[in-house]
Amino acid sequence: MSGTTFDLVILGGGSGGYAAALRGAQLGLSVALIEKDKLGGTCLHWGCIPTKALLHAAEVADSAKESEAYGIRATFDGVDLPGVYKYRDGVVGRLYKGLQGLVKSRDITLVEGTGRLTSPTTVQVGDTTYTAAKAVVLATGSYSRTLPGLEIGGRVISSYEALSLDYVPSSAIVLGGGVIGVEFASVWRSFGADVTIVEALPRLVPNEEESISKALDRAFRKRGIKAKTGVRFQGVTQDADGVTVTLEGGETLRADVLLVAVGRGPSTANCGYEEVGVAMDRGFVLADERLRTNVPGVYAVGDIVPGLQLAHRGFQQGIFVAEEIAGLAPRVIEESSIPRVTYCEPEIASVGLTEAQAAEKYGEGNVETYEYNLGGNGKSQILSTAGFVKLVREKDGPVVGVHMIGARVGELVGEGQLVVAWEAWPEDVAALIHAHPTQNEAFGEAFLALAGKPLHSHA
Ligand SMILES: Cc1cc2nc3c(=O)[nH]c(=O)nc-3n(C[C@H](O)[C@H](O)[C@H](O)COP(=O)(O)OP(=O)(O)OC[C@H]3O[C@@H](n4cnc5c(N)ncnc54)[C@H](O)[C@@H]3O)c2cc1C
């Protein structure tokens with residue numbers, strides 16, 4: 001290949017783009033990866049990793065506050081925010097360095113600059129045209145959306161600004177009870193803030209199983225996090241001391257900051273996609289199940305493709321596209337078997353169909369569920385966490401959905417995914433032993449119960 005011609009030209013170096021680059025290079029393709037900001041994208045620098053580091057610091061704060069219940073003498077003296085950021089940035093920095101090393105070691109050409117698609121086979125960066133001999137992969141990611149007329153600025157912030165606030169707010173209003181909203185609410189509460197979540201839909205985490213939303217609402221209230229659901233935001237004003245938020249109906253709320261967490265839009269403006277004829281819908285790039293756009297040789301991965309906006313979906317799609325281009329004909333990714341984790345306290349994890357979705361798919365009478373309460377699980381008792389594991393199965397058929405809430409349940413979703421994606425029957429899994437005492441055992445108990453032979457439950 002000549003200096004600016006590569007098998008793969010990838011626009012965007014976030015989860016989707018860099019995964020395509022790493023896998024493509026592994027398969028012997030020459031790769032140019034174009035990134036205007038930082039390799040690693042949203043997830044590594046402004047998303048998954050920094051927020052989870054904050055959530056862990058929040059857990060440490062909670063442990064200090066609750067230590068007496070365990071007979072340990074410790075005191076919570078407050079939050080040293082520069083110290084929290086130092087810890088968080090250390091985590092991000094080490095991963096960033098590792099990723100840079102990986103990209104370099106696979107001989108991927110990392111191009112620093114803003115790229116623009118100029119034809120089905122070319123991307124322009126400054127004065128240089130990069131030509132794709134095999135394919136172009138669009139992976140420009142997403143940005144924090146806001147509502148019409150609601151501008152980010154000052155004390156009205158998005159998750160991006162929230163990650164670099166130089167103070168812990170003493171009070172916060174969180175607009176949006178989805179994943180990002182409840183995670184920040186959780187962190188700020190643990191750090192001592194008075195938090196109110198405003199969600200227009202009738203429940204928090206509205207994409208999850210209804211019983212999970214109820215359990216989260218209960219747990220949050222117990223922690224002192226207030227949730228106003230089924231109510232719309234009307235407007236906000238700000239002054240030197242704080243924000244005043246008005247809700248539909250006239251109620252007003254006052255706080256130090258307003259976090260706008262109403263979802264993420266696709267970063268596709270000014271990228272040249274429309275001009276080259278790529279089919280789009282409200283800014284998202286339309287791709288088929290093999291991640292092909294309507295323009296031959298142009299693929300799309302990650303948050304710009306409608307569906308779950310999750311880093312591991314981006315990784316998987318990036319790998320898929322690289323393998324597709326290398327001629328390996330990979331298996332189509334089932335969107336429904338992608339695991340979802342919300343890392344607030346308590347955590348939420350799920351994969352597959354909710355009970356309602358399963359009933360719609362298989363018919364009302366053809367679905368069985370079982371809910372195992374973590375109250376009966378030894379390790380959960382040790383951790384003092386409440387919650388449950390709920391399994392949804394097709395009657396006389398496989399498990400099609402797994403839903404969990406409780407401390408640390410995110411770590412259990414791997415087994416849930418294997419079971420759902422492998423279409424395992426409870427009878428198959430019930431024969432497998434789960435170590436005691438682990439939270440994982442709650443799964444085992446639920447499978448045993450659904451297989452008709454409950455051990456530590458009354459089903
Ligand atoms: C606060 C927060 C928390 C999150 N937590 C989680 C989590 O815990 N787990 C999870 O799975 N997901 C989480 N996500 C979502 C996750 O970050 C995204 O799903 C993931 O980053 C999407 O990857 P991507 O490659 O599509 O886009 P991005 O990671 O956004 O990467 C796109 C890249 O393209 C670059 N780019 C854009 N336009 C151009 C251009 N014209 N030229 C050159 N480069 C360009 C950008 O600079 C960026 O680096 C979180 C997101 C946020 C905001």
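For clarity, every value in this text was computed on a predicted model and none was experimentally measured.

Rules used throughout
Residues numbered from 1 in each chain as written. Predicted model: local features only at pLDDT ≥ 70, side-chain atom pairs only at ≥ 80, totals over all residues. Helix = DSSP H or I, 4+ residues; strand = E, 2+ residues; numbered from the N terminus. Rg over C-alpha atoms; globule rule 2.2 N^0.38 Å. Domains from an automatic or database assignment. Pairing = 2+ DSSP bridges. Axes fitted to C-alpha atoms, helices over the stretch in contact; angles between N-to-C directions. Contact = placed C-beta atoms within 7 Å. Left-handed = near helix turned anticlockwise from the far one by under 90°. Nonpolar A, V, L, I, M, F, W, Y, C, P; charged D, E, K, R; others polar. Near = placed C-beta within 6 Å. Buried ≥ 20, exposed ≤ 12 C-beta atoms within 10 Å, placed from the backbone. Right-handed = clockwise from strand over helix to strand, strands pointing away. Core = buried A, V, L, I, M, F, W, Y, C linked by C-beta atoms within 7 Å.

A. Expanded view of the overall build of the protein. Scanning the protein from N- to C-terminus turns up 14 helices and 24 strands. Taken against the 2.2 N^0.38 rule, which gives 23 Å for 459 residues, the C-alpha radius of gyration of the protein at 23 Å falls within 12% of a compact globule. The dimensions of the protein, computed from C-alpha atoms along their principal axes, are 65 × 60 × 45 Å.

B. The domain arrangement of the protein, seen in detail. Segmenting the protein into domains produces domain 1 (5-143 + 266-335), domain 2 (156-262) and domain 3 (346-450). Distance from the C-alpha centre of domain 1 to the C-alpha centre of domain 3: 30 Å.

C. Local environment of the sheet that holds strand β23 (residues 388-394). In spatial order, the strands read β20-β21-β24-β23-β22; together these 5 strands make up an open sheet with antiparallel pairing. Since the sheet does not close on itself, it has two edges, and those belong to β20 (340-342) and β22 (367-373), each with one partner. When strand polarity is set aside, the average angle formed by the axes of neighbouring strands in this sheet is 10°. As judged from the 7 bridges shared by β22 and β23, these two strands associate in the antiparallel manner. Paired with Glu368 across the strands is Arg393, a residue of β23. Against the sheet, helix α7 (residues 210-223) touches β21 (347-352), β23 and β24 (399-406), its axis set at about 0° to β24.

D. Fine view of the packing of helix α3 (residues 48-65) against helix α6 (residues 179-190). Where α3 meets α6, the axes come as close as 8 Å, and the angle between the chain directions of the two elements is 35°. You can see that α3 and α6 cross each other, and the crossing is left-handed. Across the interface between the two elements, Thr51, Leu54, Leu55, Ala58, Ala61 and Asp62 of α3 pack against Glu183, Ser186, Val187 and Ser190 of α6. For the contact of α3 with α6, the class distribution of residues is 5 nonpolar, 3 polar and 2 charged.

E. Looking closely at the site of the ligand. Close to the ligand lie 37 residues, the nearest being Gly12, Gly14, Gly41, Gly141 and Gly302. At the level of elements, α1 (15-26), β2 (31-35), α2 (41-46), α3 and α9 (311-325) are the ones that each hand at least two residues to the shell around the ligand. Looking at the shell around the ligand element by element, the count peaks at 4 residues for α2. Classifying every residue of the shell around the ligand gives 11 nonpolar, 21 polar and 5 charged.

F. Expanded view of the pairing of strand β9 (residues 171-175). Most of β9 sits out of view: 4 of its 5 residues are buried. Read from β9 through α6 to strand β10 (residues 194-199), the crossover connection turns out right-handed. Relative to strand β15 (residues 257-260), β9 is paired through 4 bridges, and the arrangement is parallel. Each bridged residue has a counterpart across the sheet, and for Ile173 the counterpart in β15 is Leu258.

G. Focus on helix α14 (residues 441-450). Among the 10 residues in α14, 10 count as buried, and that is most of the element. By the burial criterion, the buried members of α14 are Glu441, Ala442, Phe443, Gly444, Glu445, Ala446, Phe447, Leu448, Ala449 and Leu450. Of the surrounding elements, those touching the buried residues of α14 are β22, α11 (378-382), β23, α12 (413-421) and α13 (426-430). At the exit of α14 stands Gly452, carrying a positive phi of roughly 90°.

H. Local environment of the sheet that holds β10. Overall, parallel pairing links the 5 strands, which are arranged β8-β15-β9-β10-β11 in an open sheet. The outermost strands of the open sheet, each flanked by one partner alone, are β8 (156-157) and β11 (226-229).

I. Summary view of the packing of α1 against α9. It is at 7 Å that the axes of α1 and α9 come closest, and there the two elements cross at 35°. The chirality of how α1 crosses α9 is right-handed. Across from Ser15, Gly16, Gly17, Ala19, Ala20, Arg23 and Gly24 in α1, the residues of α9 making contact are Ala311, Gly314, Phe315, Gln317, Gly318, Ile319, Val321, Ala322, Glu323 and Ile325.

J. The arrangement of the environment of Glu368 in detail. With respect to the element layout, Glu368 can be found in strand β22. Along the backbone, Glu368 and Val399 are 31 residues apart, and their C-alpha atoms lie at a distance of 9.2 Å. When residues no more than four places from it in sequence are discounted, the contact partners of Glu368 are Arg393, Lys395 and Leu450.

K. Seen up close, unusual backbone geometry. Here the residue pair Glu345 and Pro346 is connected by a cis peptide bond, since its omega of 0° sits within 30 degrees of zero. By secondary structure assignment, the location of Pro346 is in the loop between β20 and β21. A cis amide bond, omega -5°, links His436 with the succeeding residue Pro437. Inspection of the secondary structure puts Pro437 in the loop between α13 and α14. Its identity is not glycine, yet Arg282 carries a phi of approximately 50°, on the positive side. Mapped onto the secondary structure, Arg282 falls in the loop between β17 (280-281) and β18 (284-285).

L. Local environment of the nonpolar core. Membership of the largest hydrophobic core comes to 79 residues, with the highest contact counts inside it found for Val174, Leu175, Leu258, Leu259 and Ala446. What Val174 contacts, discounting residues up to four positions off in sequence, is Gly181, Phe184, Ala185, Val195, Ile197, Leu259 and Ala261.

M. Structural detail: the environment of Leu258. Its location among the elements puts Leu258 in strand β15. With 119 residues separating them in the primary sequence, Leu258 and Ala139 have C-alpha atoms 30 Å apart. Ignoring sequence-local partners within four residues, the contact set of Leu258 consists of Arg155, Val156, Ile173, Leu175, Val236, Val243 and Val245.

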